[in-house]
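# Results of the structural survey
Below are the chains, spelled out letter by letter.
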Amino acid sequence: MSALILFLLLQLDPYPVTIRQFQAFLRDHSEWRRSEVKRIWADERYLLDWTDDLTPPAGANPAAPVTQVSWFAAQAYCEIQGKTLPTVAEWETAAKADETRRDATGDPAFTARILTAYGRPATHRNAVGGGFRTVDGLYDLHGLVWEWTLDFNSVAPIEADGRFCGAGAGGSDPSDYARFLRDALRGSLKPNHSVTSVGFRCAKRPAS
Amino acid sequence: MKTRHILLATLLIGTAACTPAGEGITTEPELAVLTAPPMVPPPVGNRGPKHLIVELEVIEKEMEIADGVTYQFWTFGGTVPGSFIRTRVGDTIEFRFKNAADSKFPHNIDLHAVTGPGGGAEATFAAPGQSKTFTFKTLNPGLYVYHCATAPVGMHIANGMYGLILVEPEGGLPPVDREYYVMQGDFYTEGEFGMPGLQPFSQAKAIDEDADYVLFNGRVGALTGDNALTAEVGETVRLFVGNGGPNLVSSFHVIGEIFDRVYTEGGTSIHDNVQTTLVPAGGAAIVEYRVDVPGRLVLVDHSIFRAFNKGAIGIMNVGGAADTTIFSAAHETAVQERVHPGKTVYDRTCLACHGSEGEGIAGIFPPVAKSDYLNADKNRAIDAVLHGLSGPVTVNGIAYNNAMPAQGLNDQDVAAVLTFIYSRWDNNGTVVTPEDVAARRRN
């Protein structure tokens, strides 16, 4: 099957996982609470801003995306719901869309719009659903939080090839700065990192 | 100056004889003093090599790029350019790099003073909230640029991620009276120069190398008005000049001075008696000059539209006694001095409405050329610039009813721009002094 058909069969959650949803998950799964999680699964910044194991940061909007979660925690959350993190390829396919076009990346205005959204500080405090809705019915792919992907570490880190020296990444468009920024972020992460600007959404694959 | 060199050399020989270990590092690790521009840390002097700890944090923050205009800067240490780092050749630098927890983006640092892969870029590549440490030895004396080297590199540099690290030679640079840190950068915003509000980065303009702002120390006015550099007659000034780019090469020049010495490209060879020195993007120069007469020196990128239209201008006010054997001006000097900066203020602040020849737009924006309204009353003109002017007025027989906003200029700039206007376009030559403006401001 073509990549597009596979993508169309994939059910990507419309929104990133919220603080409220993750709080419910922590109630049922004590092993992922801040005081109990093993350091190899989540570094010392895991849910660092939370008041305690089950209480979100003071003043946080429960409908804001959960952040400061490691890749392990994100994938555990998705698996418990019979889902998974999307792959980089799946996520990037979804992220090419705007309100009317499945692939808007050829339009410089689309890239400029994303870069402007990325440039706004502290967006992780905003509620999900505030971003534009893509043709596939997905919200907040750009400008709310970065999102974990299943194989984020398949993106070459800085030392592995020349892409981080500013040249075009092999084969991809050298003018797609939005993609560069996402790949640089992915390349900087380790799976136990818990970052204030990184959240996640889950995906359901059709049973094969 | 020559005498001092010889004395210094003698001292050095003496020191070397007392410490036969030579380049060995004997001291405990010491935290390096870093400074925000335009200041620099104290000279290394005669000290030996050290184990220095440098702590530098990347901070993403919204700051003013011009009055009323903000930009989301990415910074080394909270300023653009980043903190100045001062070392000595042979130092071992333990570089503790931190990316602030509330950063959105990963960052790293490539220091051109480093001998080793990527200048530290790979070793310091850090996600938001992460810290990385690496160690290097300063092998070559000189003035070096550091910058972020995370993809897309151009965008990280365009957002302000650069600074200078100085590696002084054994015995230090010769002592001078004043040292300052000046670094140029070009900026690319969605809105044109001066358009108010938060201005996002424009990738398209950056790729086209079509800069909206060309700045010294990251802001229009970073080195003018109350922020001007200072010196006194008889002093020797050393400027550590860098250029972060990302695109433009600087033709660095100081109007009213000749550089006695330039450490070309920040290296060891010295050029004497230089008017303008080229500072490449990702490069630096050390310039030195003795100030002999008082007055206002003007730092510019002599690619001159950048100075007058994009912000690449700085001021050094030199105080002290005049020496008419070196420089003597006619008595109109007071007026002339205000005319020149006044044009800058006019072009930046007034020209858009009142026109390049003061002609205005009939019925909408009144003329300031041959203006009966201005020539009749100096104080009324000052008030209009200070407080704005709304409602019906008649200028040269034509009625206007519009609103001009208050301009938010300091006394010197108001005096300069009005004196400039009065000196041009058949106006009556009224001189407006900063004292006149201060008096009206108190009313």
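Keep in mind it's a predicted model, so treat the numbers as computed, not measured.

So, how was this worked out
As a convention, each chain's residues are numbered from 1 in the sequence order in which they are written. Chain labels run from A onward and ligand labels from 1 onward, assigned in the order the entries are written. This being a predicted model, a pLDDT of at least 70 is required before a residue's local features are given, and a value of 80 or more before pairs of side-chain atoms are given or counted; all residues contribute to the totals for chains, interfaces and linings. In this text, helices come from DSSP runs of H or I with a minimum length of four residues, and strands from runs of E with a minimum of two, each type numbered from the N-terminal end. Atoms counted for the radius of gyration: C-alpha only. Globule rule: 2.2 Å times residue count to the power 0.38. Field definition: a residue is buried when 20 or more other C-beta atoms are found within 10 Å of its C-beta, exposed when 12 or fewer are, and partly exposed for counts in between, with C-beta atoms placed from the backbone. Once C-beta atoms are placed from the backbone, any two residues with those atoms within 7 Å are in contact. Strand pairing is assigned whenever DSSP identifies at least 2 bridges connecting the two strands. Throughout this entry, Asp, Glu, Lys and Arg are counted as charged residues, while Ala, Val, Leu, Ile, Met, Phe, Trp, Tyr, Cys and Pro are counted as nonpolar. The remaining residues, Gly among them, count as polar. Each helix should span, by expectation, one fewer than its residue count multiplied by 1.5 Å. The arc refers to the directions leading from the helix axis to the C-beta atoms. Domain start and end points were adopted from an automatic or database domain assignment. Structurally, a nonpolar core is described as a collection of buried Ala, Val, Leu, Ile, Met, Phe, Trp, Tyr and Cys residues joined by way of C-beta atoms within 7 Å.

Attention shifts here to the overall build of chain B. Scanning chain B for helices and strands turns up ten helices and 23 strands. What you see for chain B is a C-alpha radius of gyration of 25 Å, in line with the 22 Å of a compact globule of 443 residues. Principal-axis analysis of the C-alpha atoms gives chain B an extent of 85 × 55 × 35 Å. Looking at the 443 residues of chain B, the share that counts as buried comes to 45%. Contacts in chain B between residues at least 24 apart in sequence constitute 70% of all its contacts with a sequence separation of at least 6.

Before going further, it helps to examine the sheet that holds strand 4 (residues 85-88) of chain B. All names here are of chain B. Strand order in the open sheet formed by four strands is 4-9-8-6, and the pairing between neighbours is mixed. Strand pairing shows two members of the sheet lacking a second neighbour, strand 4 and strand 6 (110-111), which therefore form its edges. Direction of pairing for strand 6 relative to strand 8 (residues 142-147): antiparallel, over a ladder of two bridges. Residue pairing in the sheet places D110 in a bridge with H147 of strand 8.

Of the residues lining the interface, 26 residues belong to chain B; the matching set on chain A comes to 28 residues. Going through the elements one at a time, strand 2 (51-66), helix 2 (121-124), helix 3 (153-158) and helix 4 (203-208) of chain B are the ones with two or more residues in the side of chain B that touches chain A. At three residues, the largest contribution of residues to the side of chain B that touches chain A is made by helix 3 of chain B. For the side of chain B that touches chain A, the residue count by class is 15 nonpolar, six polar and five charged.

Turning our eyes to something else, we now look at helix 9 (residues 411-423) of chain B. Residues and elements named next belong to chain B. Relative to the 18 Å expected for 13 residues at 1.5 Å per residue, helix 9 spans 18 Å between its end C-alpha atoms, a close match to the ideal helical length. Summarising burial for helix 9: twelve of the 13 residues are buried, a large majority. Residues of helix 9 that are buried: D411, Q412, D413, V414, A415, A416, V417, L418, T419, F420, I421 and Y422. Phi turns positive, to about 50 degrees, at W425, one or two residues after helix 9.

Our focus in this paragraph is the pairing of strand 17 (residues 270-274) of chain B. All names here are of chain B. Both strand 16 (residues 259-263) and strand 17 contribute to a ladder of four bridges, which runs antiparallel. Paired with V262 across the two strands is H271, which belongs to strand 17. Connecting strand 16 to the next strand, strand 17, in antiparallel fashion are six residues, including E265 with a positive phi near 55 degrees.

It helps to recall that an α-helix has 3.6 residues per turn; residues three or four apart then point in one direction. What helix 4 (residues 88-95) of chain A keeps buried is the set E90, W91, T93 and A94 of chain A. Along the axis of helix 4 of chain A, the buried residues cluster in a sector spanning 160 degrees; they form a single face.

The next thing to look at is the domain arrangement of chain B. Residues and elements named next belong to chain B. For chain B, the assigned domains are domain 1 (25-171), domain 2 (179-319) and domain 3 (333-442). Taken together, the contacts link six residues of domain 2 with six residues of domain 3. In terms of residue class, the side of domain 2 that touches domain 3 is made up of two nonpolar, three polar and one charged.

Further remarks concern the nonpolar core. Nonpolar side chains in soluble globular proteins generally cluster together in the buried interior. Residue and element names in this part refer to chain B. Residues Y144 and L164 are the most contacted members of the largest nonpolar core, which totals 130 residues. The residues that make up this core include at least three from each of domain 1 (25-171) and domain 2 (179-319). Sequence-distant contacts of Y144, that is, excluding residues within four places in its chain, are made with L111, H112, A113, L164, I165, V167, G266 and A284. Formed by 18 residues, the second largest nonpolar core is a distinct cluster that contains L374, A415, F420 and I421.

What follows is about unusual backbone geometry. Residue and element names in this part refer to chain B. The residue after P37, namely P38, is reached through a cis peptide bond having omega 10 degrees. You can see P38 is positioned in the loop between strand 1 (30-31) and strand 2. Geometrically, the link from A151 to P152 is a cis peptide bond, its omega value of -10 degrees lying close to zero. Structurally, the position occupied by P152 is in the loop between strand 8 and helix 3. Of note in this structure, E265 is not a glycine but carries a positive phi near 55 degrees.

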